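What the coordinates show
Listed below, chain by chain, are the residues.
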Amino acid sequence: MDTIDIITDGACSGNPGRGGWAAIVIVAGRVDEYSGSELNTTNNRMELTAAIEGLRHAPQAGPITMVCDSQYVINGITKWVHGWQRNEWRTRENQPVENRDLWEALVAVSSPRVRWQHVKGHSGHALNERANTLAQQHARSTTRTRNTTESSSTAEFPCYISYVNGVVTRHATWAACQHAVHGVSNAKFKKVATATELTLQLHKWGVLS
């Protein structure tokens, strides 16, 4: 059974303001990118939307690793939500849970087969950076978009990736990649032509499970 990797991110210009979300779904080396925007929203709502859309587009069978840089989302779905449900969607301070509509939607699409994995934002994780780029593009756009599927074979490729001291970094040029790995013990590097090649290489390096 194929493993499924989902990488998500959300962004907001103004918070509240115009927001964007993105989800990258990877199954058996195939990479699909989903993204969209909302006109008046918050960063937390975009992070939740990204996770919901990623899970909605995942196959119905197989273990899922959900990679997310939002502690709000991960702590909410793995810890806080159980208490909220028992307390009829109120916090310990007896206040209504913010974003209840999205939390209920996330609970509906999540399951025990989902393993939630936190990654620090802007730390060089190549696919998190790609999701961030998509989300930021939608947050800055002047047109409202929803649930856009983009071809991942041509977007920002080819590129070079390096793996130095546990951090994957994406480089636009070989010169930049060479500078990153030069003289570093056990550093790895590779030119990739598509998002699928990028994903396969990250699996080889053990960055993705």
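In this text the structure is predicted, and so the values were computed from the model without any measurement.

Moving on to the overall build of the protein. Within the protein, the regular secondary structure consists of 6 helices and 9 strands. Over its C-alpha atoms the protein spans a radius of gyration of 18 Å, differing by no more than 12% from the 17 Å that the globule rule assigns to 209 residues. Taking the principal axes of the C-alpha coordinates as reference, the protein spans close to 55 × 40 × 30 Å. Counting all 209 residues of the protein, 48% fall into the buried class. Sequence-distant contacts, at least 24 apart, represent 65% of the contacts inside the protein between residues at least 6 apart. Total accessible area on the protein is roughly 10,400 Å²; 48% of this is exposed by carbon and sulfur atoms. Side chains of the protein carry 21 positive and 18 negative charges; the gap between the two charge centres is 3 Å.

The next subject is the sheet that holds strand E8 (residues 167–171). The sheet built from 3 strands is open, its strands ordered E8-E7-E9 with antiparallel pairing. With one partner strand each, in any of the chains shown, E8 and strand E9 (188–192) form the two edges of the open sheet. When strand polarity is set aside, the average angle formed by the axes of neighbouring strands in this sheet is 20°. Relative to E9, strand E7 (residues 159–164) is paired through 5 bridges, and the arrangement is antiparallel. By the bridge assignment, Cys159 is partnered in E9 with Val192. In the packing of helix H6 (residues 195–204) onto the sheet, the strands contacted are E7, E8 and E9, and the crossing angle to E9 comes to about 160°.

Time to look at the nonpolar core. It is characteristic of soluble globular proteins that their nonpolar side chains tend to be buried jointly. Judged by nonpolar contacts, the single largest core of 29 residues is most densely connected at Ile6, Leu55, Val73, Trp103, Leu106 and Trp116. Within the residue set of this core, elements represented by two or more residues are strand E1 (4–13), strand E2 (17–27), helix H1 (43–56), strand E4 (64–68), helix H2 (71–86), helix H3 (100–109) and strand E5 (114–118). For Trp103, the contacting residues outside a window of four places in its chain are Leu48, Tyr72, Val73, Gly76, Ile77, Trp84, Trp89, Val97 and Glu98. Ranked by size, the runner-up nonpolar core spans 25 residues in total, among them Ala22, Ile26, Val119 and Ala126.

Conventions used here
Residues numbered from 1 in each chain as written. Predicted model: local features only at pLDDT ≥ 70, side-chain atom pairs only at ≥ 80, totals over all residues. Heavy atoms only, no water. Helix = DSSP H or I, 4+ residues; strand = E, 2+ residues; numbered from the N terminus. Rg over C-alpha atoms; globule rule 2.2 N^0.38 Å. Buried < 20%, exposed > 50% of the residue type's maximum accessible area, 1.4 Å probe, protein only. Contact = heavy atoms within 4.5 Å. Areas by Shrake-Rupley, 256 points an atom, 1.4 Å probe, with all protein chains shown as cover. Lys, Arg positive; Asp, Glu negative; His and termini not counted. Charge placed at Lys NZ, Arg CZ, Asp CG, Glu CD. Pairing = 2+ DSSP bridges. Axes fitted to C-alpha atoms, helices over the stretch in contact; angles between N-to-C directions. Core = buried A, V, L, I, M, F, W, Y, C linked by side-chain atoms within 4.5 Å.

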